[in-house]
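In case you want the letters, here they are:
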There are 2 protein chains.
Amino acid sequence: MNLHAIFHLSDSNYAYAYDKETLHIRLRTAKNDADKVTIRAGDPYHWAAGGGGGNLNAEGAFGWVCEDLPMQKEASTELFDFWMAEVKPPFRRLRYGFLIEGGNKQIFYGEGGIFDLNTDLRADHISNQLANYFCFPFLNAADVFKAPEWAKSTVWYQIFPERFANGDASLNPEGVLEWGSCDPTAFSFFGGDIQGMIDRLDYLANLGISGIYTCPIFKSPSTHKYDTEDYFEIDPQFGDKKTFKKFVELAHEKGIKVMLDLVVNHCGYNFGPWQDVLLNGEHSKYKDWFHIRSFPIVKLEDEAWPNYDAFAFGKRMPKMKTENPEVRDYFLEVVRYWTSEFDIDGWRLDVANEVDHAFWREFRKEVRTIKDDVYILGEVWHDSNPWLRGDQFDAVMNYPLTSAINDFIAKNKTTASQFKEAISRVQTMYSRNVSEVNFNLLNSHDTKRLLNACNGNKQKVILSYAFLMTQAGSSCIYYGDEIGMDGEDDPLCRKCMIWEEDMQDLEMLETFKKIISLRKIHSAMRSPKLEWIDVNDGENCVLFKKYDADEELYIIINNSDSAKTINLSAIPQKIYADLLSNNKVDSTEQLHIEAHSIVLLT
Amino acid sequence: MNLHAIFHLSDSNYAYAYDKETLHIRLRTAKNDADKVTIRAGDPYHWAAGGGGGNLNAEGAFGWVCEDLPMQKEASTELFDFWMAEVKPPFRRLRYGFLIEGGNKQIFYGEGGIFDLNTDLRADHISNQLANYFCFPFLNAADVFKAPEWAKSTVWYQIFPERFANGDASLNPEGVLEWGSCDPTAFSFFGGDIQGMIDRLDYLANLGISGIYTCPIFKSPSTHKYDTEDYFEIDPQFGDKKTFKKFVELAHEKGIKVMLDLVVNHCGYNFGPWQDVLLNGEHSKYKDWFHIRSFPIVKLEDEAWPNYDAFAFGKRMPKMKTENPEVRDYFLEVVRYWTSEFDIDGWRLDVANEVDHAFWREFRKEVRTIKDDVYILGEVWHDSNPWLRGDQFDAVMNYPLTSAINDFIAKNKTTASQFKEAISRVQTMYSRNVSEVNFNLLNSHDTKRLLNACNGNKQKVILSYAFLMTQAGSSCIYYGDEIGMDGEDDPLCRKCMIWEEDMQDLEMLETFKKIISLRKIHSAMRSPKLEWIDVNDGENCVLFKKYDADEELYIIINNSDSAKTINLSAIPQKIYADLLSNNKVDSTEQLHIEAHSIVLLT
């Protein structure tokens, strides 16, 4: 057996409280190496009479009261198998070790090491000392990861406000361009605003989405507004606070949540405190709000890099010193204000990974005190476990899932097996309670449009979104994807929304509506439980099961360029209904499935 | 190469901020598998002109400005090698990946996976996409682990107050036994008190220790006082607040720090709020201070297990509900009171692992606000990384080190190689800044005496302590070890301190003084940098180097029962001094070393 591959880590995505009474324990082994994995677990203080209290007693009795429970294989990646067990320790304390069997070997693995029980002279002794077991000391409710329940079933719609809808021409900035008259540059204004969002709420409700995530709306000179000038004001181009309040209220009336985008990492060049620093230099009372390396501050027009920390090396976006209590209090007041005054439901936090963890802990406490089911979403593109331990974020922009899906469907870069492995990697990299609410997206204002990644193939766009919605987590649609909008990398992924119906792909829109409605009805689509049944590299097709306690769905994807005939003998033999087409499917017969399409059998 | 063994984890003991400008990056490979490991690292936003901004650009140029830096082999365990690099990213941001060479293979390892650069068609592409690199997004000062500087060089002395010294007979509890007249049971009182500790401060200063860690002194009916009755009172058997204040002041005058022991996890049966619950049942205003499963509360004399959470299953020690803000505020007031009123220097936190992390984060903030160099030590016996990320503790009771040393020296259970591997495991399981202040001990009130673990061999006791003091971290001496006291498991490890000089092993005491004084003088002993030069299982001897920027020490341990002759050709050839004996040692000649002894060459 490959001992080097065996891995577990306390208090991580390998060992976490799923809820107030349930622990999830995972183990990693080399792929196809272990035949059977058992977790040996018990209360650390529960000893049979005569037991040795943690060690062998004088008579050689160990006497720890424990149980051996089988672990289920949860997922496999290119190199590894992952095993999972759910344990509900009656006294909320657990010590546990693993018995791993395969190739005529039996391995004990605990915190004390990895030992071959058949050949290693130390193994018996080691496995009979409680100190060599892993420990989950106490399942404290205060430490359980807890995200808003509503996020599990939310379908988000991401709006880039400058480009979604122009509802109030009186707010148009100077030099505004005619809506959709040309491709945007980084500096083109088309006059999108909050009134436009209000006007289109019926469209969104009709689409079926249940959350709106808007890119920043606070005062800023740019089109994207990630360079905030005033955190307490709505950009006048977008409207005023009254309009925004109305927008939130009307959205809520339609059962739609509203999430704002906040940039704590850096401010805009026009932000008052930064302007004060530019004016007063070392004497500014705001000089410790930033990370300034030397004075005088390098000028915008100078070629030199900034002599202060910034977002990337952008002189226009000075980094905020969030460890300064004044800055911390300032931002906490910002979130208090918008959360309590406007009753918003979520915060998306820009460049969240570059801000200190200590700040995010305070942020979470503050926001949750005001409203206990606010969704906290951090922009982190890489492994985000450090932010997802229950004390900071509920979710992150799940770009690893984006890549897994786009590499397979849009870009045809990976085989069906590699797709399965990439999905499995994302599935096991976080705890299940994170996966259930994570923010799943296929493209955004920061990437090229999915349709472009798909080389213009709309079937691929639909297939990608349909697959996304079969996965646990919040799903997000980037504005316009549902009607077939295209666009290369920024700024072209930020074109004006097309509102002329004859320019919209209405058939695509109907399919989106259908998929969204299915996701609402079918809890198995939202469940984190996934079983791969058939992964066929040659045919470029996969068949998998999604399930929960109430429901089982069998899902088939044809990722190839041609229609396929699929044998369904591996699933229970009966008559199914295809949720998308409403066709009956008899699993004793071959299934015909079109190129780049998906079938969901119930 | 063993790909399954290759491991790194973001934001962990594998990737952490050592100080405000330095990152430590570690990598694990299979033992003796890699010949050379390189870290490729750079600022994520630093791109050469024409670079692809995270991906290959249209012309196929990656263009990320990065450096390839060699990693050093830091340590080896039974299965793995550990590699380390120090990086000082000029803009405090880092993305990094690893190039691992061995057996004619070259592997790229990043967050995107493990790829063979010679044979895997994906590898080139993968290693040219920044998203596949690991990320340390920003080195924020607020998140840097920061323990008190003084802890690095502190030698603690652990006192069990009931048994250290009786300085005020007027406080003797009823039925007190004559000092040292018999072996203690769990219920014998001998009258140790704070005045006794004051009286013996000269002895302690003379021994050379620089910190006193006392087991609990708050009001409690037991001998050990881990079942607190009143957190705001000194136990009357031990004295009063005035005496305690005087003790702290006098200790401080001698340059000795004082650390108190606090039990937050559970209270004693006599604790006012618990008594109120017993009296008023469901109507008690304190019922939510505890985890009560049902009423009425099971009686002490009943055979049933408690129907409330407790320490282990002990009815006399009800678990506190620290997630209740009232309980949290109560305990924060406790630590505020003792820290600010009595100017203590450290808190040792009993059963710390069973209390919620959220509480400890508040605790740290509160304590550090009052006094910014208080040492926070948690009782955690197992892997403690979840408490040592900078937001909770400075240190834990380092029992994994205890086992590594005792298994080798005291119990002769491990070979020299296994000893090296066990020490290496402890060394790599934490960040270096944790190791520098971790609480290293060989025995305590919770274990049998070291002399008993050594089967009465005092040379082994001295050798164990001498080795302990060559290791990074705070070292702790359990009261009486320095004069040769013995004792089996609790209660026998808690015997009365022997003060009659003719009953003390004065030669042993002198050796302890010598070792302690050496540790103060020689910074290399306290450094986390250790290199194993010769590990000889047959001779049961090891030779290793301890070093820092200022100093190198060569240390030889003979762990066998007979004197040995050691060849020193592997160390620089010159005349050394042995710090313990002051003998000159010529490394071109054989070194004679007695059984169970240590030589420290400078």
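Residues numbered from 1 in each chain as written. Chains lettered and ligands numbered in written order. Predicted model: local features only at pLDDT ≥ 70, side-chain atom pairs only at ≥ 80, totals over all residues. Heavy atoms only, no water.

Colleague: Describe the relation of the copies chain A and chain B, listing the residues and the values that go with them.
Modeller: Between the two copies, chain A and chain B, the superposition gives an RMSD of 0.0 Å; the rotation angle is 180° and the shift along the axis is 0.0 Å. The relationship between the two copies is best expressed as a two-fold rotation axis. Across chain A, the smallest distance between a C-alpha and the rotation axis is recorded for A:Ala5, namely 2.7 Å. By residue overlap, the copies meet face to face through one surface: 100% of the interface positions of chain A are interface positions in chain B. (Least-squares fit on C-alpha atoms with pLDDT ≥ 70 in both. Contact = heavy atoms within 4.5 Å.)

Colleague: Summarise the packing of helix 8 (residues 399-410) of chain A against helix 9 (residues 416-429) of chain A; cite the residues concerned and give the values.
Modeller: Residues and elements named next belong to chain A. Closest axis-to-axis distance for the helix 8/helix 9 pair is 9 Å, and the angle between their directions is 170°. Compared by their axis directions, helix 8 and helix 9 come out roughly antiparallel. Residues Pro400, Leu401, Ala404, Ile405 and Phe408 of helix 8 lie in contact with helix 9, whose contacting residues are Ala416, Phe419, Ala422, Ile423, Val426 and Met429. Residue classes in the contact of helix 8 with helix 9 are distributed as 11 nonpolar, no polar and no charged. (Axes fitted to C-alpha atoms, helices over the stretch in contact; angles between N-to-C directions. Helix = DSSP H or I, 4+ residues; strand = E, 2+ residues; numbered from the N terminus. Parallel < 35°, antiparallel > 145°, perpendicular 65-115°, else oblique. Nonpolar A, V, L, I, M, F, W, Y, C, P; charged D, E, K, R; others polar.)

Colleague: Any details on the domain arrangement of chain A? Residues and values, ideally.
Modeller: Residues and elements named next belong to chain A. Domain annotation of chain A identifies domain 1 (3-143), domain 2 (161-263), domain 3 (267-318) and domain 4 (528-601). The straight-line distance from the C-alpha centre of domain 2 to that of domain 3 is 29 Å. Every contact between the two is made by 7 residues of domain 2 and, on the other side, 6 residues of domain 3. Of the roughly 500 Å² buried at the junction of domain 2 and domain 3 (both faces included), carbon and sulfur atoms supply 62%. (Domains from an automatic or database assignment. Buried area = accessible area lost by both parts, 1.4 Å probe.)

Colleague: Which residues make up the sheet that holds strand 12 (residues 211-214) of chain B, and what values do they have?
Modeller: Residues and elements named next belong to chain B. A sheet is described by the order of its strands in space; here 8 strands give the open sequence 18-17-16-15-12-11-20-19, paired in parallel fashion. On the outer flanks of this sheet lie strand 18 (395-396) and strand 19 (439-440), each paired with one strand and no other. Alignment of strand 17 (residues 375-378) against strand 18, held across 2 bridges, turns out to be parallel. What sits directly across from glycine 378, in strand 18, is valine 396. (Pairing = 2+ DSSP bridges.)

Colleague: Provide a residue-level description of the pattern of salt bridges, including the pertinent values.
Modeller: Residue and element names in this part refer to chain B. Throughout the structure, instances matching the rule amount to 86 salt bridges over all chains. We note a salt bridge from glutamate 74 to arginine 432, for which the minimum N-O separation is 3.4 Å. Within this pair, whereas glutamate 74 is found in strand 5 (residues 72-76), its partner arginine 432 is found in helix 10 (residues 432-435), the two being separated by 358 residues in sequence. Each member of the pair, glutamate 74 as well as arginine 432, is classed as buried. The partner of glutamate 229 in a salt bridge is lysine 219, and the shortest N-O contact between them spans 3.3 Å. Taken together, the positions of glutamate 229 in the loop between strand 13 (218-219) and strand 14 (230-234) and lysine 219 in strand 13 put the pair 10 residues apart, joining distant regions of the chain. On the basis of relative accessibility, which here comes to 21%, the residue glutamate 229 falls in the partly exposed class. (Salt bridge = Lys/Arg side-chain N within 4 Å of Asp/Glu carboxyl O. Buried < 20%, exposed > 50% of the residue type's maximum accessible area, 1.4 Å probe, protein only.)

Colleague: Talk me through the confidence of the model for chain A; I want residue IDs and the actual numbers.
Modeller: Mean pLDDT over chain A works out to 96, with 98% of the residues at or above the 70 mark. Among the prediction metrics, the complex's ipTM stands at 0.95, with pTM recorded as 0.96. (pLDDT = per-residue confidence, 0-100.)

Colleague: Tell me about the interface of chain A and chain B, and name the residues and values.
Modeller: In this complex, chain A contributes 62 residues to the contact, which on the side of chain B involves 62 residues. Between chain A and chain B we count 8 salt bridges in total. In this structure, B:Glu78 engages A:Arg122 in a salt bridge whose closest nitrogen and oxygen atoms are separated by 2.7 Å. Along the contact surface separating chain A from chain B lie 34 residue pairs in polar contact (both at pLDDT 80 or more). Among the elements of the structure, strand 2 (23-30), helix 7 (357-370) and helix 9 of chain A are those that each provide at least two residues to the side of chain A that touches chain B. (Polar contact = N/O pair within 3.5 Å; in protein donor to acceptor, adjacent residues only side chain to side chain.)

Colleague: An account of helix 7 of chain A is requested, with residue identities and associated values reported.
Modeller: Count 3.6 residues to each turn of an α-helix, and residues three or four apart come out pointing the same way. The terminal C-alpha atoms of helix 7 of chain A lie 20 Å apart, and with 14 residues this matches the ideal 20 Å at 1.5 Å per residue to within 8%. The complete set of buried residues in helix 7 of chain A reads A:His357, A:Phe359, A:Trp360, A:Arg361, A:Glu362, A:Phe363, A:Arg364, A:Val367 and A:Arg368. Tucked into the core, helix 7 of chain A has its buried residues touching strand 15 (257-262), helix 6 (325-342), strand 16 (346-349) and strand 17 (375-378) of chain A together with helix 7 (357-370) of chain B. (Expected span 1.5 Å × (residues − 1).)

Colleague: Outline helix 4 (residues 241-253) of chain A, supporting the account with residue identities and numerical values.
Modeller: Residue and element names in this part refer to chain A. With 13 residues, helix 4 ought to run about 18 Å at 1.5 Å a step, and its terminal C-alpha atoms sit 18 Å apart, in line with that. If you check which residues of helix 4 are buried, you get Thr243, Phe244, Phe247, Val248 and Ala251. Take helix 4 and look down its axis: the buried residues cluster within an arc of 140°, on one side only. The exposed residues of helix 4 that point more than 90 degrees off its buried face are Lys242 and Glu253. In this fold, the buried residues of helix 4 make contact with helix 2 (194-199), helix 3 (201-207), strand 12 (211-214), strand 14 (230-234), strand 15 and helix 6. A side-chain oxygen of the first residue of helix 4 lies 3.3 Å from the backbone nitrogen of lysine 242; this N-cap is aspartate 240. (Arc of directions from axis to C-beta.)

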